[in-house]
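Below, each chain spelled out in residue letters.
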Amino acid sequence: MNMDSIVSLCKRRGFLFQSSEIYGGLQGFWDYGPLGVELKRNVKEAWWSDMVNGHDDMSTLSGAPSPYSMEGLDCTIIMHPQVWKCSGHYDLFHDHMVDCRETKKRYRYDQINGRWVEAKGRKIFVTAPAGDEEQEHLTKQTLKFFKLRNKHIDDLKWDGPVVCLTNLENFDEVLGPDAKSLGSLTEPREFNLMFKTFVGALSGEEGAAFLRPETAQGIFVNFKNVLDSTRHRLPLGIAQIGKSFRNEITPRNFTFRSREFEQMEIEFFCHPDQSQEWYRYWRDRRLKWYHDLGISGDNLIMREHHQDELAHYSIGTADIEYAFPFMSEGEYGELEGVSHRGDFDLRSHMEGKLDEKSTDLALQLNADGKPKWKGSGKDLSYRDDLTNEKYVPHVIEPSAGADRATLAFLCEAYTEDQQPDEKGKMQTRTVMKLHPRIAPIKAAIFPLVKKDGMPEVAKEVYLDLKKHFKVFYDEKGAVGRRYRRQDEAGTPYCITVDGQTLEDQTVTIRDRDSLEQTRIKIDECESVIRDRIRQ
RNA sequence: GCGGGUGUAGCUCAGUGGCUAGAGCAUCACGUUGCCAACGUGAAUGUCGAGGGUUCGAAUCCCUUCACCCGCUCCA
């Protein structure tokens, strides 16, 4: 299977189009066509129904430490700018980068260190990526530049300590970390990964705001509101589906990395002592969700982050990953991250931006000893009125990409098999084996031929089923071709009105995957389809 | 952001300076047909990705630009 045939089918059948295609398209933006919008809606609805509205809050679910509540939320895309300063996104997403004109490499401005050095009567500033081996790298670069051997190492006259590149104003005498000639580094340029906009008519910095780069923060800042208005006890999960925006440097791989995308996120608030158990519960529960909707075990993996990849506050983070066809053998792309976030987010919105690098999660301070970004000052802790214990809840965050999930379902569904044609000759059939729950069209209704009153009966069946499901009517061309068209659309069932229908009020229902046809009564159509979708 | 490749009908592609830009598949109509991409007849379909230039003449050569694919880079 290759990605091109999937992309081609998506366009041909109306799953996905390039945004603004008639103007040449816009990198990182995609539109969902008539079939695509149904598919994506079904994915989101399955998630919302399974996680929120259909959640059983009376029982202790398998793998869970206790019963828990779930609520939904829908927050704005533009929020108070301070939200992103305290969450850490503002600092993280405003990188200054320098490019090397010679090697075409790009570096983060603040992660390049260097030192003045003199040899052969010339003084240069030699640089290296910040890290344990930076002095080694500096020496090597210097020797190479001056065409000196290791034995001349003592001839190098170092001037001053290793300092960050940010201390320099002019890069003319700077040797890039991997460069051979001086002055190859560009001026630092700002990379804004958050989309910037302006609130109010004035477009000055005072009105500057950002499109959200994730939906999660809306949940954290509303935590108190949800608790107060619903009277829930912890543990409580709050769910949200919505658009997020990231100005990716290189959008690629169809909709996998888009600049505008939709997230399905849960922030699950619980007692710190139980957070580890809840983390494991959510990790396993979310993996099973993809599995139940038809992603095969071979293509789906759970990747636990290593201890050294984790932030200090986190007990664990696991990525649920899918073997997308555009990835190389053995590589996977992230569908969802499930992370234990401790009390980092709530405390950041209370006290101000915390330093995720410090072991005790201290408030991040400026040089003058004041908080770098001030929090809301509001108390977001929780009082358990049974035990009278007061604590800042810990959070488990299952954060899924709706577009990535939709793309994974499309890739997983794409199948080419061999089926005999009219003459018994084997023909390649393209079929989207989407799970019936997420299939855009649940059933297609055909008259076998366009005469003898068959279209009239078929239209009645169609109009009746339309009240319950997304269905499709087609009477054009040979019935075999109509079946194949529905196979490409992923329609799980085709109902055909034939000669016998006119005699005994029965129709045939054809299964997309097995091609088996069974004869059922017209009045049974709705319940048969409903039962089969539920399976 | 850098390097390489690609861009012609809905899809897959042919067309290397010269007549009104083609093929297969798909689409639509009529007829035939009775369950898995049928057949016959007919029809419609293009700013040759966009803009500019060279030329008597450009899909074709040159420049700019946009998008997609691959490799870097990036990916909280």
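Residues numbered from 1 in each chain as written. Chains lettered and ligands numbered in written order. Predicted model: local features only at pLDDT ≥ 70, side-chain atom pairs only at ≥ 80, totals over all residues. Heavy atoms only, no water.

*Asks:* Would you mind showing me how to read the overall build of chain A here?
*Replies:* Broken down by element type, chain A carries 14 helices and 27 strands. Projecting the C-alpha coordinates of chain A onto the three principal axes gives extents of approximately 100 × 65 × 50 Å. When each of the 535 residues of chain A is scored for burial, the buried share is 50%. Sequence-distant contacts in chain A: of pairs separated by 6 or more residues, those separated by 24 or more amount to 63%. (Helix = DSSP H or I, 4+ residues; strand = E, 2+ residues; numbered from the N terminus. Buried < 20%, exposed > 50% of the residue type's maximum accessible area, 1.4 Å probe, protein only. Contact = heavy atoms within 4.5 Å.)

*Asks:* What am I meant to see in the side chain of Thr430 here?
*Replies:* Mapped onto the elements, Thr430 comes out in strand β22 (residues 426-432). Setting aside residues up to four positions removed in sequence, Thr430 forms contacts with Leu9, Tyr414, Thr415, Glu416, Asp487 and Glu488.

*Asks:* Any chance you could explain the nonpolar core here in plain terms?
*Replies:* One broad trend across soluble globular proteins is that nonpolar side chains are buried collectively. Counting residues in each nonpolar core, the largest one holds 57 residues, and the members touching the most others are Trp278, Trp282, Trp289, Tyr290, Phe324 and Phe409. When residues in this core are grouped by element, the largest group, 8 residues, is from helix α10 (residues 402-413). Leaving out residues up to four positions away in the same chain, Trp278 has contacts with Ala64, Pro65, Ser66, Tyr68, Pro235, Phe268, Cys270 and Ile396. (Core = buried A, V, L, I, M, F, W, Y, C linked by side-chain atoms within 4.5 Å.)

*Asks:* Any chance you could explain the pattern of salt bridges here in plain terms?
*Replies:* Applying the stated criterion across every chain yields a total of 30 salt bridges. A salt bridge links Lys467 to Asp464; the shortest N-O distance between them is 3.6 Å. Overall, Lys467 belongs to the exposed group, its relative accessible area being 64%. With relative accessibility at 38%, the residue Asp464 sits in the partly exposed group. (Salt bridge = Lys/Arg side-chain N within 4 Å of Asp/Glu carboxyl O.)

*Asks:* Got a minute to help me understand unusual backbone geometry in this structure?
*Replies:* If a residue is not glycine, its phi is most likely negative; likewise, a peptide bond is most likely trans. Pro235 follows Leu234 through a cis peptide bond whose omega is 0°. Residue placement: Pro235 occurs in the loop between α7 (223-230) and β13 (236-245). Within the chain, Arg231 stands out as a residue other than glycine whose phi angle is a positive 60°. Structurally, Arg231 is set in the loop between α7 and β13. Here the phi dihedral of Phe254 falls at roughly 55°; this positive angle occurs in a residue that is not glycine. Judged by its relative accessible area of 11%, Phe254 falls in the buried class.

Without other data, these values stay purely geometric and don't point to any function.
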